[in-house]
Each structure stands twice: as structure tokens, then as C-alpha cells.
Amino acid sequence: MAITAQMVKELREKTGAGMMDCKKALTETAGDMEKAIDYLREKGIAKAAKKADRIAAEGTTFIEVSGNEAVILEVNSETDFVAKNEGFQVLTKELASHLLAHKPATAEEALDQKMDNGSTVQEFINSAIAKIGEKLTLRRFTVATKTDADSFGSYLHMGGRIGVLAVLEGTTDESVAKDVAMHIAAVNPKYVTRDEVSQEEVEREREVLTQQALNEGKPENIVAKMVEGRLGKYFEDVCLLDQTFVKNPDLKVRQFVQSNGATVKSFVRYEVGEGIEKRQDNFAEEVMNQVKK
């Protein structure tokens, strides 16, 4: 039978094996999903298959800098305990080195790339899963570049629970860049400048603020002026350069950066597990369900 991309995707999700391995397994087993899983297990490729449906929302962020290139990545595990495991930390560093050297476009593309030891990235992760005993995933990464006249600001908070990689142009003073990265870790801006906020988002916020003011009973003739003032506060919340600098409340981040002859080109902030729906175990309900049986 014809092997479809959807079948390959499903097998990959179930086993964690690479795309080409999944396609071969399905071809060898005439598209039988269960037999394909067994085939991969027999080949030692799907040792982690039984862990594929678990939730990996813990883990760490990590940053590796090499000259004018740097990478920030998030690798997930099931428990915070494993995130502190030496084997997990070695895995993370090896993945960082690979990503920096080969620069895949996406995490999916990275998983199929060959590492220096001859295995694919996914096989390398599967090997670590077999040793550590938890589901592990390369969730995301970003590669950043700079020139000799610029600097990277890298900062890991709480041992990697939050990671920030910023690029500052016009200064080689890494301490300035790190101070900006620390601020980003603490305050969590979404954008560098107001120019990055889409007009759609601004208009949506303006509508909400307008309705709030009207609901407060403010006269319509002063609502527009009030809304523009409140929009300024909104930009302070989401735009890095408009924020009060955490290390010196007398300055905005823009003023701190400019006083050092620099500009913020970009930043990436990862917080471990953000956006992943974590399993909520209700033990009382579980016990009651057992009693009723």
C-alpha cells in the first residue's frame, strides 16, 4: 500500500523515531502501524516508544556562545529532578553544539540530522531516554548572530528555568548586554520597540481601553485622551525599551542602552514549560473512582 506523510507522522509521534526510519518501517510492514512499531523496537530505534504519550513540561534552557554565533534552546523532561541529572545536562550541551554547528531551520529538521557520532539527533535523544527513563524532547531553539562590534547578552535564571539571549549592537561590553538580558528575564517583555507591535494588536487594546473608560462613566469627550494615556502604560508593559530598568528605576531601558552607545537588535526569552499543558493529577478523584468499581 502507499505510505502517506500522515502515516509517517503518526508513527513518528508514537515512537520518536526519525522520519526516514518511520517511512522504512512502514514500507517493510506494508503500512501496518503496530508491526511498524515492533519493527522499530526490534531495531532499537523505538526504545522510548512507550514514553511517547507522557507529558514533558520540565527541563532546562541552555545557551552556547561561539564567537559571533550563539544558540538558546529548551530541552524538556518529565520531572525537575531529571533536569538536574548529569546525563540530561550532557545531552543538552551536545544538542546545543550540534544546533550551533548545523543550524537546522526547525526542531523537526534537527531531529533527522546526523550527529558527529553517526546517529541522528532523534536517535541520540532516544538513547538518553533509555538511560534516564523519562520522555525527553528538544522543544525549540533560536540561533543568533552578531558582528565584532556587537555583544551577546546571555542569562540563565534559576539554573535554566528561564533563559534569555539578547543581541546588542554598538557595544562590545558584555556586562551591559547581560544587564539587559537579566531585565528581560525578570520583566518578560514581548517586543523590543513599539514599532514591532502590530496595528491589529494596538487597535484591539485601544477598543478594550475605550470600553473600560466608558464603563467607568467617563465623559466621551475625554475618553480618547484617557485611552491614549493608558495605551502608553500598555506599551510599557510589553515593549522592552519603554520599561523601567530593573537595576535602576530612575532609567528606562532605552536610556540605559543609549547611555552605553548601544541599541537592542533582538532578544529571545524561553521559560521552561510555558505553553505546555501539564497533567493535573487528582488523587482524591482517582481513589473515589476505584472505590466505585
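Okay, so let's go over this structure. (Residues numbered from 1 in each chain as written. Predicted model: local features only at pLDDT ≥ 70, side-chain atom pairs only at ≥ 80, totals over all residues. Heavy atoms only, no water.)

To continue, consider the packing of aromatic side chains. Inspection of every chain in the model, using the stated rule, returns two aromatic pairs. Geometrically, the ring pair formed by Y234 and F235 is tilted, given 5.9 Å between the ring centres and 55° between the ring planes. Residues Y234 and F235 agree in their burial class; the two are buried. A ring pair is formed by F245 and F256, whose centres lie 4.3 Å apart and whose planes are at 20°; its orientation type is stacked. In this pair, F245 sits in the loop between α10 (220–238) and α11 (253–259) while F256 sits in helix α11, placing the two residues eleven residues apart along the sequence. A relative accessible area of 3% means that F245 is categorised as buried. (Phe/Tyr/Trp six-rings, centres within 6.5 Å; stacked < 30°, edge-to-face > 60°. Buried < 20%, exposed > 50% of the residue type's maximum accessible area, 1.4 Å probe, protein only. Helix = DSSP H or I, 4+ residues; strand = E, 2+ residues; numbered from the N terminus.)

With that settled, the discussion passes to the pattern of salt bridges. One pass over the full model with this rule turns up 18 salt bridges. D80 serves as the salt-bridge partner of R161, at 4.0 Å between the closest nitrogen and oxygen. Of this pair, R161 sits in the loop between β4 (151–157) and β5 (162–169) while D80 sits in helix α4 (residues 80–83); the two residues are 81 residues apart in sequence, bridging distant segments of the chain. The network of salt bridges with common partners includes E58, D80, K84 and R161. (Salt bridge = Lys/Arg side-chain N within 4 Å of Asp/Glu carboxyl O.)

To continue, consider unusual backbone geometry. For K103, which is not glycine, the phi dihedral falls at a positive 50°. Mapped onto the fold, K103 is located in the loop between α5 (86–102) and α6 (107–111).

All right, on to the environment of C22 then. As for its placement among the helices and strands, C22 is situated in helix α2 (residues 19–28). Of the residues examined, C22 reaches a relative accessible area of 0% and is grouped as buried. Through-space distance from the C-alpha of C22 to that of E277 is 27 Å; in sequence the pair is 255 residues apart. In this structure C22 touches V8, L11, R12, T15, A17 and L40, once residues within four positions along its chain are discounted. (Contact = heavy atoms within 4.5 Å.)

These figures capture arrangement, not role.
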